[in-house]
Each structure stands twice: as structure tokens, then as C-alpha cells.
Amino acid sequence: MIRTIAVTKNHEIKSNWDITRLLEEDILWYWADFSNPSDAEIELLRKPLNFHPLAIEDCIHVLQRPKLDYYEDYAFFVTHSVNPDTIDREEVNFFLGQNYVITFHHHPSTEIEDVRERLRLSNSPDKWEPLLVLYHILDKIVDNYFPLVYQLEDTLNDIDENSKDRPMELLLEDLFDARHDLLALRHTVAPMRDLIYRMLNSQRLAGFQEKIKYFSDIHDHLLKLAEMIEENRELTTDIRDSYLSLNAHQTNRVMKVLTVITTIFMPLTFIAGIYGMNFEHMPELEWDSGYFATLLVMLTIGLAMFAWFKKKGWFK
């Protein structure tokens, strides 16, 4: 599907003109959005728009790394938005010329929808231009990263506090899921940060220097996001190490108790083993009080060893 918006020289907004009409009409600038286009619609990028085959190929074959390519009279951008439900990257491409901006994407884009609606309802279309459309969409894309990072921060706080007293195995599963999502976000944010940095240092984008403060603000947001992601990844490492240390400590305590019990029963088992042998000449077997004396000796040994282990602090 292709949707278009054109701003005439009288600063009027015209919607849903054909591509060929946009090229023929004497207008100020236009925006064409290719949303999950068909093969026939993709052919319009070749003719009549005449974009370079390599740029068109980058649009068709996802996912490309965020990048900026310069062509004769336009610039081509590859950017990534994030699906809030799956945290998967979704590619959004831009062709930016002096009097047009073309957006191309295979998935629904709430960022493009928001900006398109703002432009369509704008009372001051004369203040808009292709570079500002690019800025507003990129700003929306980057702003939508923040709720995902905040959500992961809340998840890590819940894991750290464990107010519901969940088993450690479930906590570790959630922890590794959060760590995986943070890694996915880092693979999105870092290339986008590099892309905006390259734009800030570009001398080939027409009119960009007049709007550089806007894009610098996006770059600042990406720097903040990168720092937040790294801090949260370090937090996942700390939580993981703490849980593993706690688990090892608890295991050691259990092993210590079992060792103490085994050690106490070793001499008792030794005594029981001796008197369990089938020898005929064992004097203690003929004592009237031999059974009770043996039990008393075994009880004394057990209590003595228990008292000695307790004095050594083995039960703390």
C-alpha cells in the first residue's frame, strides 16, 4: 500500500495522489509511504522514481544494519524500530531528497502513522519539510525504545526483591530472558547511535546543519539508552552471581549437616556391625544387661559427638 501527502506551494495539504501525479504537479514537497508494498508498487521505486538498484535491494532484503548511503541527489537511510510485543527489530527505510521523503517498511509502523497524522492535521504545513518528517519519525522510533528498557528495569527489580518468594529456578529463567532482551535492544540501539552520529558529522545532507540540534537531541537519547542497557546488563550479572553464590552456600550448609549426621552414625554403625556378627564366643552377648549397655554406649557416643560438633560451630 502506498499513501502520499503533498504540500503545495500555497501550503495546502493534498493526500493520496498517485506517484506519477506527484512528479508532474508543481508542488513544494511530498511524502510517499510504502507500507508492505506489493511487487508492482516496489517497481515504482525503479520507475518513475529512479532510485539506485542497490538502495532498492536494501529495502527488499531485511534486516540490514542501520546505515546512511549517499547517492547523486538523495540520501538513503536504513533504521530499526522495535516491536514492543516481541522486541524484534523492524526495518524502516528512508529516501531523502530536497523536495521529497520516501518511507519504506514491511511491517506496520506506529511511528510513521503518528507523524503522518500530525502532518495531515497540521495547521502550519509551511513549517514542515522532508528533513523534519525524517526527524519526527526517528524521534518517535527512539522514544519508543524507552518503555521497553523501563519495563526490563522493573522486571529486574522484581527479580532482585523477589517479594513473591518464587523459586530460584524460575527467577533465573526470568533473569536470563531479561538479559536476552537487553542484548537484543543493545544490538538495535548501538547501530542507531552510530547512524545518528554519522549524520551529525555529515556535510552532504542539504539543510541538515540548520536542524542539527534536533538530531543531536536524538543522539543524546540514544547515548542515555545505551548507558541504561549496559547498566541493566551489569545488574543481571550481579543478580545472577548473587543467586548462584546463595545457592552454593545453601548447598554447602546441607552437605555440612549431612556430613555431621553421617559422622555421628559411623561409630554407631561400627558397634552395631560388630555385635551383628555371628560369632559364638562374644562375652557381651550373654550379659543380662548387654543390650541396654550397648544402647547406652551408642547414645553416649552420639550425644558426645553432637555436643563436640556444636561447640565447634558446625550447626551455625
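The residue count restarts for each chain, going from 1 along the sequence in the order it is written. Given that this is a predicted model, residues contribute local features only at a pLDDT of at least 70 and side-chain atom pairs are listed and counted only at 80 or more, while totals for whole chains, interfaces and linings are drawn from all residues. Neither water nor hydrogens contribute to the side-chain values; these are computed over all heavy atoms in the structure.

Where an unreviewed UniProt entry is consulted, the chain appears under the name Magnesium transport protein CorA, with the organism given as Bacillus infantis. In its Function (unreviewed entry) section, the UniProt entry covering the chain states "Mediates influx of magnesium ions." UniProt positions are given in the numbering used here, feature names are shortened, and annotations may be inferred rather than shown by experiment. Looking at the chain in UniProt, the text filed under Sequence similarities (unreviewed entry) is "Belongs to the CorA metal ion transporter (MIT) (TC 1.A.35) family."

This part covers the overall build of the chain. Think of it this way: any DSSP run of H or I at least four residues long counts as a helix, any run of E at least two long counts as a strand, and we number them from the N terminus. Summing up its helical and strand segments, the chain has 9 helices and 7 strands in all. Taken along the three principal axes of its C-alpha coordinates, the chain extends 125 × 40 × 30 Å. Burial here depends on accessible area, computed with a 1.4 Å probe over protein chains only, as a share of the maximum for the residue type. Under 20% is buried, over 50% is exposed, and the range in between is partly exposed. Taking all 316 residues of the chain together, the buried fraction comes to 41%. What makes two residues a contact is simply this: any of their non-hydrogen atoms within 4.5 Å. In the chain, the share of contacts with a sequence separation of at least 24, taken over all contacts with a separation of at least 6, comes to 63%. With an accessible surface of roughly 18500 Å², the chain has 53% of that area assigned to carbon and sulfur atoms. Charge-centre separation for the chain: the mean point of 32 positive side chains lies 4 Å from the mean point of 51 negative side chains. What sets the accessible areas is the Shrake-Rupley method with a 1.4 Å probe; for residues, cover comes only from the shown protein chains. Charged residues are defined narrowly, with Lys and Arg counted positive, Asp and Glu counted negative, and His plus the chain ends left uncounted. A single reference atom marks each charge: NZ on Lys, CZ on Arg, CG on Asp, CD on Glu.

This next bit is on the UniProt feature "transmembrane region" (unreviewed entry) in the chain. According to UniProt, the "transmembrane region" (unreviewed entry) feature falls on residues 257–277 and 289–309. Structurally, residues 257–277 is divided into 90% helix and 0% strand, and its ends, taken at the C-alpha atoms, are 30 Å apart. Along residues 289–309, the helical share is 95% and the strand share 0%, with 30 Å between the first and last C-alpha atoms.

Let us look at the packing of aromatic side chains. Aromatic contacts are taken between Phe, Tyr and Trp rings whose centres are within 6.5 Å, Trp giving its six-membered ring; a plane angle under 30 degrees counts as stacked, one over 60 as edge-to-face, and the others as tilted. Using the criterion set out here, one finds 11 aromatic pairs in the structure. Note on tyrosine 30 and tyrosine 100: the rings are 5.7 Å apart at their centroids and 20° apart in plane angle, and the pair reads as stacked. Of this pair, tyrosine 30 sits in strand 3 (residues 27–35) while tyrosine 100 sits in strand 7 (residues 100–105); the two residues are 70 residues apart in sequence, bridging distant segments of the chain. Residues tyrosine 30 and tyrosine 100 agree in their burial class; the two are buried. The interplanar angle of 35° and the centroid separation of 6.0 Å between the aromatic rings of phenylalanine 146 and tyrosine 150 together place this pair among those described as tilted. Here phenylalanine 146 and its partner tyrosine 150 are both found in helix 6 (residues 145–161), 4 residues apart, which amounts to about one turn of the helix.

Okay, helix 5 (residues 130–143) next. What a helix is expected to span follows from its residue count: subtract one and scale by 1.5 Å. Taking 1.5 Å of rise per residue, the 14 residues of helix 5 would be expected to cover 20 Å, and the 20 Å separating its terminal C-alpha atoms lies within 8% of that figure. Within helix 5, burial applies to Pro130, Leu131, Leu132, Val133, Leu134, Tyr135, His136, Ile137, Leu138, Asp139, Ile141 and Val142.

The grouping of Asp154, Asp158, Asp160 and Glu161 at the surface amounts to a negative patch. Residue position: aspartate 154 is located in helix 6. A residue counts toward a patch only above 30% relative accessible area and without a salt bridge, and it is joined to like-charged neighbours within 9 Å or, for Val, Leu, Ile, Met, Phe, Trp and Tyr, to nonpolar neighbours within 5 Å. Salt bridges are counted wherever a side-chain nitrogen of Lys or Arg sits within 4 Å of a carboxyl oxygen of Asp or Glu.

Attention now goes to the sheet that holds strand 1 (residues 2–8). When DSSP finds at least two bridges between two strands, those strands are taken to pair. A sheet is described by the order of its strands in space; here 7 strands give the open sequence 2-1-3-7-6-5-4, paired in mixed fashion. Each end of this open sheet is capped by a strand with a single partner; those strands are strand 2 (13–15) and strand 4 (67–70). Strand after strand, the sheet turns through a mean of 15° between neighbouring axes, direction not considered. Where strand 4 meets strand 5 (residues 74–82), 4 bridges bridge the pair, whose relative direction is antiparallel. Note on strand 5: the bridge partner recorded for leucine 68 is phenylalanine 77. For helices, the fitted line uses only the C-alpha atoms of the stretch in contact; every axis is such a line through C-alpha atoms, and the angle between N-to-C directions lies from 0 to 180 degrees.

What follows concerns the nonpolar core. Take the buried residues of types Ala, Val, Leu, Ile, Met, Phe, Trp, Tyr and Cys, join any two whose side-chain atoms come within 4.5 Å, and each joined set is a nonpolar core. The biggest cluster of nonpolar side chains holds 58 residues, and the ones touching the most others in it are Met199 and Phe215. Looking at this core element by element, the count peaks at 13 residues for helix 7 (residues 168–200). Not counting residues within four places of it along the chain, the set of residues in contact with phenylalanine 215 comprises Leu131, Leu134, Tyr135, Leu138, Ile196, Met199, Leu200 and Phe208. Leu22, Phe76, Phe95 and Tyr100 belong to the second largest nonpolar core, which has 23 residues in total.

We now examine the packing of helix 5 against helix 8 (residues 212–275). Between helix 5 and helix 8, the least distance of the axes is 10 Å, while the angle of their chain directions is 15°. Taken as axis vectors, helix 5 and helix 8 run roughly parallel relative to one another. Regarding helix 5 and helix 8, the two cross each other, and that crossing is left-handed. Where helix 5 abuts helix 8, its residues Leu131, Leu134, Tyr135, Leu138, Asp139, Val142 and Asp143 lie against Tyr214, Phe215, Asp217, Ile218, His221, Leu222 and Leu225. Amino acid classes used here: Ala, Val, Leu, Ile, Met, Phe, Trp, Tyr, Cys and Pro are nonpolar; Asp, Glu, Lys and Arg are charged; the rest, including Gly, are polar. Taken together, the residues of the contact of helix 5 with helix 8 break down into 10 nonpolar, 1 polar and 3 charged. For classification, angles of less than 35 degrees are called roughly parallel, those exceeding 145 degrees roughly antiparallel, those between 65 and 115 degrees roughly perpendicular, and all remaining angles oblique. We call a crossing left-handed when the near helix sits turned anticlockwise from the far one by less than a right angle, and right-handed when that turn is clockwise.

Next up on the list: the domain arrangement of the chain. Domain boundaries assigned for the chain yield domain 1 (1–243) and domain 2 (244–310). A C-alpha centroid distance of 72 Å is found between domain 1 and domain 2. Each side of the interface is counted separately: domain 1 has 5 residues, and domain 2 has 5 residues. Note: buried area is the sum, over both parts, of the accessible area (probe 1.4 Å) each one loses when the two are combined. Carbon and sulfur atoms supply 57% of the area that domain 1 and domain 2 bury against each other, a total of about 400 Å² over both sides. The split into domains, and so the bounds of each, comes from an automatic or database assignment of domains.

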